[in-house]
Amino acid sequence: MKLRALIVDDEPLGRERIRQLLAAEEDVEVVAECGHGGEAVEAIEGLEPDLVFLDVQMPELDGFGVVEAVGVDRMPMTVFVTAYEEFALRAFEASALDYLLKPFDRARFAQALDRVRTQIRLRRDQEVRGQLATLLQEMRPRRKHLERLVVRSGGRIRFVRVEEVDCFEAEGNYVRVHAGERNHLIRQTMSALEAELDPARFLRIHRSTIVNLERIDHIEPLFQGEYSVALRGGRKLTSSRGYRERLHEALGLS
């Protein structure tokens, strides 16, 4: 049975290089190629490949953003393709995930592919996913604060700039994104989302609410340390007592 592979790279020459190397592998079939992260998310969810060669550095949505959008639990075996310098590769090595450092030769490519075959043969899916989650955690400090969200709307994948968001509200296993008159659902936890947002711009005011500080019009005290937080545009949120000091500090209140 052939391994179904997906190639993701924003550079045509990069995709061509991997495609040519895979052409010599009788047990691998290339099912699709993607030139950007949003397209990759759709392909992974629609085609369910066994293996993804995933470029790390892409505009709009990078390789780590693809993993986060798809979800670690739903990601196929992944070989990262990267131009990161040696010092940044420690996270990959520590997590025991394979990667290809550009430019790579046929021997290095074959080594990575053999490792994938071994992992699949031994059915180490859970172990690999744990390593993938560790890698994301290790790399987050090296990345900028979240700038764009990937949302699904009407069968399409859209990008929402974080600066346009008024607030985030927890909704079960999802987060509701309010951006002007539009709102979207993303599969994310509030804690994970909070860790990716710029703390100078976004503040958690309730266990279920994160607000864009620039969207606050005024606040009004309620009772027992709670506040009503009114946003420009009319939306009203509640800041709970446990987040009062953080709200005071962020707004410069004594």
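The model shown is predicted, which means the values in this text are computed figures rather than measured ones. Every chain begins its residue count from 1, and numbering advances along the sequence as written. With pLDDT at 70 or above as the cut-off, local features in this predicted model cover only qualifying residues; side-chain atom pairs require 80 or more to be listed or tallied, and sums for whole chains, interfaces and linings still use all residues. Hydrogens and waters are ignored; side-chain quantities use all the structure's heavy atoms.

Asks: Describe the pairing of strand β15 (residues 236–239), and please don't skip the residues or the numbers.
Replies: Summary of the burial criterion: residues with accessible area below 20% of their type's maximum are buried, those above 50% are exposed, and those between are partly exposed, where the area comes from a 1.4 Å probe applied to protein chains only. Elements are defined by DSSP. Helices are runs of H or I of four residues or more, strands are runs of E of two residues or more, and each kind is numbered from the N terminus. The alternating pattern of β15 places Leu 237 and Ser 239 on a buried face and Lys 236 and Thr 238 on a face that is not buried. As judged from the four bridges shared by strand β14 (residues 227–231) and β15, these two strands associate in the antiparallel manner. Among the inter-strand pairings, Ser 228 is bridged to a residue of β15, identified as Thr 238. For two strands to pair, DSSP has to find at least two bridges joining them. Hairpin geometry of β14 and β15 is characterised by an intervening segment of four residues between the two adjacent antiparallel strands and by a positive phi of about 110 degrees at Gly 233.

Asks: Could you give me a rundown of unusual backbone geometry, with the residues and numbers involved?
Replies: If a residue is not glycine, its phi is most likely negative; likewise, a peptide bond is most likely trans. Across the junction of Lys 102 and Pro 103, the peptide omega takes the value -5 degrees, indicating a cis bond. By the secondary structure assignment, Pro 103 is in the loop between β5 (99–101) and α5 (106–121). Despite not being glycine, Glu 48 shows a phi value in the positive range, around 50 degrees. When you line up the elements, Glu 48 lands in the loop between α2 (37–47) and β3 (51–55). The residue Gln 224 is not glycine, and still its phi comes out positive at about 55 degrees. Looking at where Gln 224 falls in the secondary structure, it is placed in the loop between β13 (216–221) and β14. With relative accessibility at 59%, the residue Gln 224 sits in the exposed group.

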